[in-house]
Amino acid sequence: MNIDHKLKLRSKKGQLPFVEVNGEEIADSTIIMQELATRYDKDLDAALTQEQRNIAHAMISMLENHLVWVVLSWRSKNTEQMLKGYKINLQHALGSRLPNALLNFFFKFQFSRKCFQGAKKVKAQGLGVHKPEEIEEFGRKDLKVLSELLADKPFFFGDEPTTLDCVAFSVLAQIHFILDEVKYGLKEFMQENCPNLVGHVSRIKERCFPDWEDICTKLDLNAHIPKPEPETKENKEGADTEKTAEQDKNESEKELEKDNSNEKSEKKEEPEKVVEENKEKEEAAAK
């Protein structure tokens, strides 16, 4: 199911993904998997030894608290390459009728602002203080560790996938599925030096997502919500489409104006304060 979060809706914790089960919100992918495993008695790690569980915990921590930040660092600084690399169709992603060129403009402007915050988070996490080539080297080391652990096995602990395989796929897929024409050092490194990780991503994809192409390109957002029949009027062919596009444009412009409103108000306050102070001085001098 493709849920439309409009690139801004988040859980109460401010995170994606999150699920709602029987009216209860559960955020963070690891907590989601743990909670669903408990509720529905589907423990992916039931067959693991304690030693294997310890290794899985360490590897998941590396993936979620290190490698994923390496990828986020690249995305936050390369918005245009990210859009192209993931072949993001903003009309489909945003459910808008505006031309993609215009949507790309609005997205890059807003994303660059939000990614500035993302870049600050990467810096606060610790990786952001390093040079891009240094950050990429950290990612290479993480990939090498995963590759050596996987070795020639289908999955990290044998013939069946576990939680570690799921978490690894969620991060490695963000690297592997970047289009070849977009150059990203980690993807090239994974292809050349960690071919078993490429095979791992393909196995998970084929096993769990046989409808991958439909999910990425064809499925409607919020398909579970009934959609109203489109209204049409005689002798006004295309009028409704134009009206909707105009509304979408106005909404996008309003969001941009809202983003700038605080900055403008701050800039106005200072000159007004100076004028007021000068006025008071003139009145005092006149007396």
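It should be noted that the structure appears before, not after, this text.
Figured I'd write up the structure that's included with this text. (Residues numbered from 1 in each chain as written. Predicted model: local features only at pLDDT ≥ 70, side-chain atom pairs only at ≥ 80, totals over all residues. Heavy atoms only, no water.)

## Observations regarding unusual backbone geometry
In most cases, non-glycine residues show a negative phi, while peptide bonds are predominantly trans. Within the chain, aspartate 28 stands out as a residue other than glycine whose phi angle is a positive 80°. As for its placement among the helices and strands, aspartate 28 is situated in the loop between strand 2 (24-27) and helix 1 (29-40). Even without being glycine, alanine 151 reaches a positive phi, approximately 55°. Following the sequence through the fold, alanine 151 ends up in the loop between helix 6 (132-150) and helix 7 (163-176). (Helix = DSSP H or I, 4+ residues; strand = E, 2+ residues; numbered from the N terminus.)

## So, the nonpolar core
If you look at the biggest cluster of nonpolar residues, it comprises 39 residues, and the most contacted ones within it are Leu67, Leu143, Leu146, Leu172 and Leu197. Those elements giving two or more residues to this core turn out to be helix 2 (50-77), helix 6, helix 7, helix 8 (185-193) and helix 9 (195-208). Ranked by residue count, the leading element in this core is helix 2, at 10 residues. Residues in contact with leucine 172, not counting those within four places in the same chain, are Leu67, Leu143, Leu146, Met190, Leu197 and Val201. (Core = buried A, V, L, I, M, F, W, Y, C linked by side-chain atoms within 4.5 Å. Buried < 20%, exposed > 50% of the residue type's maximum accessible area, 1.4 Å probe, protein only. Contact = heavy atoms within 4.5 Å.)

## Looking at the pairing of strand 1 (residues 18-21)
Inspection of the sheet shows strand 1 paired to strand 2 by four bridges, in the antiparallel sense. Within strand 2, the position partnered with valine 21 by the bridge is glutamate 24. Between strand 1 and strand 2, which follow one another and run antiparallel, lie two residues, and asparagine 22 among them has a positive phi close to 50°. (Pairing = 2+ DSSP bridges.)

## Comments concerning helix 7
One turn of an α-helix holds 3.6 residues; hence residues three or four places apart share an orientation. For helix 7, spanning 14 residues, the distance from its first C-alpha to its last is 19 Å, which sits close to the expected 20 Å at 1.5 Å a residue. A bend of about 25° at serine 170 is the largest found in helix 7. Most of helix 7 is tucked away: 11 of the 14 residues are buried. Summarising the contacts, the buried residues of helix 7 are in contact with helix 1, helix 2, helix 6, helix 8, helix 9 and helix 10 (212-217). (Expected span 1.5 Å × (residues − 1). Bend = angle between axes of the 7 residues up to and from the residue.)

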